[in-house]
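A structural walkthrough
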Number of protein chains: 2
Amino acid sequence: MDLLSGPWTMYLLWVLSTQGPTRFGALKRRIEGISTKMLTERLRMLEAEGLLFRHYEPTVPPQVTYGLTERGQELISVLNLLDDLAVRWYGDAASPPCTDAPQ
Amino acid sequence: MDLLSGPWTMYLLWVLSTQGPTRFGALKRRIEGISTKMLTERLRMLEAEGLLFRHYEPTVPPQVTYGLTERGQELISVLNLLDDLAVRWYGDAASPPCTDAPQ
DNA sequence: CTGGATCCGAATCGATACTG
DNA sequence: CAGTATCGATTCGGATCCAG
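Residues numbered from 1 in each chain as written. Chains lettered and ligands numbered in written order. Predicted model: local features only at pLDDT ≥ 70, side-chain atom pairs only at ≥ 80, totals over all residues. Heavy atoms only, no water.

Right, let's get into the protein's contact with DNA strand D. The environment of DNA strand D is formed by 18 residues, the closest being Pro7(A), Ser35(A), Lys37(A), Arg54(B) and Tyr66(B). Among the atoms of DNA strand D close to the protein, meaning within 4 Å, 69% are from sugar or phosphate groups. Between DNA strand D and Ser35(A), the relevant distance is 2.7 Å, taken from a phosphate oxygen to a side-chain nitrogen or oxygen of the residue. Of all the secondary-structure elements, those providing two or more residues to the surface near DNA strand D are α4 (36-48) of chain A together with α3 (24-31), α4 (36-48) and β3 (63-68) of chain B. Its residues placed into classes, the surface near DNA strand D shows nine nonpolar, five polar and four charged. (Near = heavy atom within 4 Å. Polar contact = N/O pair within 3.5 Å; in protein donor to acceptor, adjacent residues only side chain to side chain. Helix = DSSP H or I, 4+ residues; strand = E, 2+ residues; numbered from the N terminus. Nonpolar A, V, L, I, M, F, W, Y, C, P; charged D, E, K, R; others polar.)

The next point concerns the relation of the copies chain A and chain B. Between chain A and chain B, the superposition needs a rotation of 180° and an axial shift of 0.0 Å, giving an RMSD of 0.0 Å. Considering both components of the superposition, the chain copies are consistent with a two-fold axis. Within chain A, the C-alpha atom positioned nearest to the axis of rotation is that of Ser5(A), 2.1 Å from it. Looking at chain A, 100% of its interface residues are interface residues in chain B too, so the copies touch through the same face. (Least-squares fit on C-alpha atoms with pLDDT ≥ 70 in both. Contact = heavy atoms within 4.5 Å.)

Okay, the sheet that holds strand β1 (residues 22-23) of chain A next. Residue and element names in this part refer to chain A. Within the open sheet, the three strands sit side by side as β1-β3-β2. Their pairing is antiparallel. Two strands bound the open sheet, and with one partner strand each, they are β1 and β2 (52-57). Relative to strand β3 (residues 63-68), β2 is paired through six bridges, and the arrangement is antiparallel. Note on β3: the bridge partner recorded for Tyr56 is Val64. (Pairing = 2+ DSSP bridges.)

This brings us to the confidence of the model for chain A. Within chain A, residue pLDDT values average 91, and 90% of them lie at 70 or more. Taken together, the stretch residues 98-103 of chain A has pLDDT below 50 and engages in six contacts with residues farther than four places along the chain or on a different chain. (pLDDT = per-residue confidence, 0-100.)

Further remarks concern the environment of Thr22(B). Residues and elements named next belong to chain B. Note on placement: Thr22 falls in strand β1 (residues 22-23). Leaving out residues up to four positions away in the same chain, Thr22 has contacts with Leu16, Leu27, Val64, Thr65 and Tyr66. At 2.6 Å, the side chain of Thr22 forms a polar contact with the backbone oxygen of Gly20.

This part covers the sheet that holds β3(B). Residues and elements named next belong to chain B. Spatial strand order, β1-β3-β2: three strands in an open sheet with antiparallel pairing. The sheet is open, and its two edges are formed by β1 and β2 (52-57), each paired on a single side. In this fold helix α2 (residues 9-19) packs onto β1, β2 and β3, with an angle of close to 95° to the strand it touches most, β3. (Axes fitted to C-alpha atoms, helices over the stretch in contact; angles between N-to-C directions.)

Moving on to α4(B). All names here are of chain B. A rise of 1.5 Å per residue sets the reference length of α4, with its 13 residues, at 18 Å; its end C-alpha atoms lie 18 Å apart and thus fit the reference within 8%. Taken residue by residue, α4 has Met38, Leu39, Arg42, Leu43 and Leu46 as its buried positions. The buried side chains of α4 occupy one side of the element, clustering within an arc of 125° when seen end-on. Pointing more than 90 degrees away from the buried face of α4 are the exposed residues Lys37 and Ala48. Its buried side turned inward, α4 meets α1 (2-5), α2, α3, β2 and β3. Remark: Gly50 follows α4 within two positions and exhibits a positive phi of approximately 75°. (Expected span 1.5 Å × (residues − 1). Buried < 20%, exposed > 50% of the residue type's maximum accessible area, 1.4 Å probe, protein only. Arc of directions from axis to C-beta.)

Spelled out as structure tokens, the structure:
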């Protein structure tokens, strides 16, 4: 509970679940409003909990990709149920802005 | 998400789910560590969201009982799944102090 | 591009005192 | 018993600057 209670945490997981593995900058742009500090903190915490992985590619410039681990996926399935309730109670409008056109 | 992200929120719901309708003072004692202010805030918020009800009995002294609504129960079922994951990942020790012997 | 370090204002939260 | 009101310490989080 403490883990998920942090700001942006659930939303970050959610974004990763809809986008698949995503790079740091893309996440920052996608989440819009989150600060570098927050994003880094959340990513570190979730990584420490084994909910997501960090893939570092030492190119120039470096590329770092984050994605859900198996545990992360399991957690997402619970969050999906939560979303079902949210939709049922508040309607689709309450859903996160899933404006993804991933192509 | 914002709703559940608040401090004590999930735990409070959890306690109410294992105790059934509970009075203010009992909740405060049960949750141990929460301040009056926090508890009141959380209760108000959850009531406003229709997750729990407030029953006021104008006796002397007054008795106020809080309990889960139907919506609250639905949400608990999701939290239970979350608990399943927690137990699987961290073991029973990480569970809330569910020291209930319901028989 | 991906962060780490620092500073500082804003929001939070607990403790306390008080009421019906 | 069940809160409300206020105040002050603390924490939090964003902005900024810097580096590999």
